[in-house]
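Observations on the model geometry
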Amino acid sequence: MPESPEQLRARLRAEIAAIEKGVPKPSRAPDLPHVREEREDRRPSRASRSLSASAAGGQPSRHDAGEVDEDVRLSDPDAAFRKIERLCLVRERASEQLRQRLARGGFEAEAVEAALDRALACGLVDDGRFADVLVRSRLAQGRGRRGIAAELESLGIDADSVEALAAADDDAGEVDRALALLDRKPPRAKNRRDAAYRRLAQKGFSASVSSSAARLWCEANPVEG
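Residue numbering note: each chain is counted from 1, following its sequence as written. Local features in a predicted model are, by the rule used here, given only for residues with pLDDT of at least 70; side-chain atom pairs are given and counted only at 80 or more, and totals for whole chains, interfaces and linings are based on all residues. Each side-chain value is derived from all of the structure's non-hydrogen atoms; neither hydrogens nor water enter the calculation.

This next bit is on the confidence of the model for the protein. pLDDT measures the predictor's confidence residue by residue and takes values from 0 up to 100. For the protein, the average pLDDT comes to 79, and 73% of its residues sit at 70 or higher. Only DSSP runs of H or I reaching four residues or more are called helices, and only runs of E reaching two or more are called strands; each is numbered from the N terminus. Per-element confidence in the protein ranges from a low mean pLDDT of 41 for helix H2 (residues 33–42) to a high of 95 for helix H6 (residues 95–104). Between two residues, a contact is recorded if the distance between any of their heavy atoms is within 4.5 Å. Scored below 50 in pLDDT, residues 25–56 shows 30 contacts in the model against residues more than four places distant or in partner chains.

Let us now look at the pattern of salt bridges. Every case where a carboxyl oxygen of Asp or Glu lies within 4 Å of a side-chain nitrogen of Lys or Arg is listed as a salt bridge. Here the structure, examined in full by the defined rule, presents nine salt bridges. In this structure, Glu96 engages Arg99 in a salt bridge whose closest nitrogen and oxygen atoms are separated by 2.8 Å. With Glu96 and Arg99 both in helix H6 and three residues apart, this pair spans about one turn of that helix. Each residue is assigned to one of three classes by its accessible area relative to the maximum for its type, calculated with a 1.4 Å probe on protein chains only: buried under 20%, partly exposed between the two thresholds, exposed over 50%. The exposure class assigned to Arg99 is partly exposed, which follows from its relative accessible area of 26%. Where Glu113 meets Arg99, a salt bridge forms, and the shortest distance between an N and an O atom there is 2.7 Å. Taken as a pair, Glu113 in helix H7 (residues 109–122) and Arg99 in helix H6 lie far apart in primary sequence, 14 residues in all. Overall, the relative accessible area of 18% leaves Glu113 in the buried class. Connected through shared salt-bridge partners, Glu96, Arg99 and Glu113 make up one network.

Within this structure's numbering, the places UniProt gives as "domain: RecX second three-helical" (unreviewed entry) are residues 126–164. Between the end C-alpha atoms of residues 126–164 the distance is 15 Å, and the span holds 67% helix and 0% strand. UniProt positions are given in the numbering used here, feature names are shortened, and annotations may be inferred rather than shown by experiment.

The next thing to look at is the nonpolar core. Nonpolar core, defined: a set of buried Ala, Val, Leu, Ile, Met, Phe, Trp, Tyr and Cys residues in which side-chain atoms within 4.5 Å join the residues together. Within the largest apolar cluster, 19 residues are counted, with the highest numbers of intra-cluster contacts made by Phe81, Ile84, Leu98, Leu102, Phe107, Leu124 and Val125. Among the elements of the structure, helix H1 (5–20), helix H5 (77–90), H6 and H7 are those that each provide at least two residues to this core. In this structure Leu124 touches Leu12, Ile16, Phe81, Ile84, Glu85, Cys88, Glu92, Ala119 and Arg129, once residues within four positions along its chain are discounted. Counting residues in each nonpolar core, the second largest holds 15 residues, with Ala94, Leu134, Ala164 and Leu165 among its members.

Whenever a helix is involved, its axis is fitted only over the stretch in contact; in every case the axis is a line through C-alpha atoms, and angles between N-to-C directions fall within 0 to 180 degrees. Running from N to C, helix H8 (residues 127–140) and helix H9 (residues 145–154) cross one another at 150°; their axes reach a closest spacing of 10 Å. On the basis of the axis angle, H8 is roughly antiparallel to H9. Taken as a pair, H8 and H9 cross one another with a handedness that is right-handed. The residues of H9 that touch H8, namely those facing Ala131, Leu134, Val135, Arg138 and Leu139, are Ile148, Glu151 and Leu152. Roughly parallel refers to an angle under 35 degrees, roughly antiparallel to one over 145, roughly perpendicular to one between 65 and 115, and oblique to any angle outside these ranges. In a left-handed crossing the near helix is turned counterclockwise from the far helix by less than a right angle, and in a right-handed crossing that turn is clockwise.

UniProt tags residues 81–118 as "domain: RecX first three-helical" (unreviewed entry). Across residues 81–118, helical content stands at 79% and strand content at 0%; the span's end C-alpha atoms are separated by 8 Å.

Here it is as structure tokens:
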């Protein structure tokens, strides 16, 4: 029977612990000045909250204590790493996706970088593995190389280094994929060639491939008189 989420998490953590026995602890990433400035502008420091509580003549309230606890969690690399674990149990993710997700969750930049270093070192996160899966999936969906490369670059991954994309780097195969896409979803517009070209361009095919495939598809599928 399939593993429960708890069993899966326990197995994943055991595997990570075994890997990390031979992996040196990553050095803490340097703080990013602009991130620290934005963070300090956004909320008062712990010291200022303590001074405010003292000036009021009492101890911090439960609400203040909760804020301090949350600040500690968001600056904790272990808490950030556990968040990465949970996200990666759902599906494979690129390091840049995780960096943005943790930042949106309020984790401090230093904690995020330390957690990502650890996740990359133990193999929990692997941009090369992610890129290979992404490329194969996009090719199967009928996406063009140009669009796939742009998606990889947006995630901080060098498209030229991805073997699965390099293996698909021939115009003949690209035209075949474009024709297969048009067969699955034929254009219905009056000017079918222009419609076919636009659809292929939107799917990430280059201008030359889109033009060739649109012409070939229209020639192979003439309008019945």
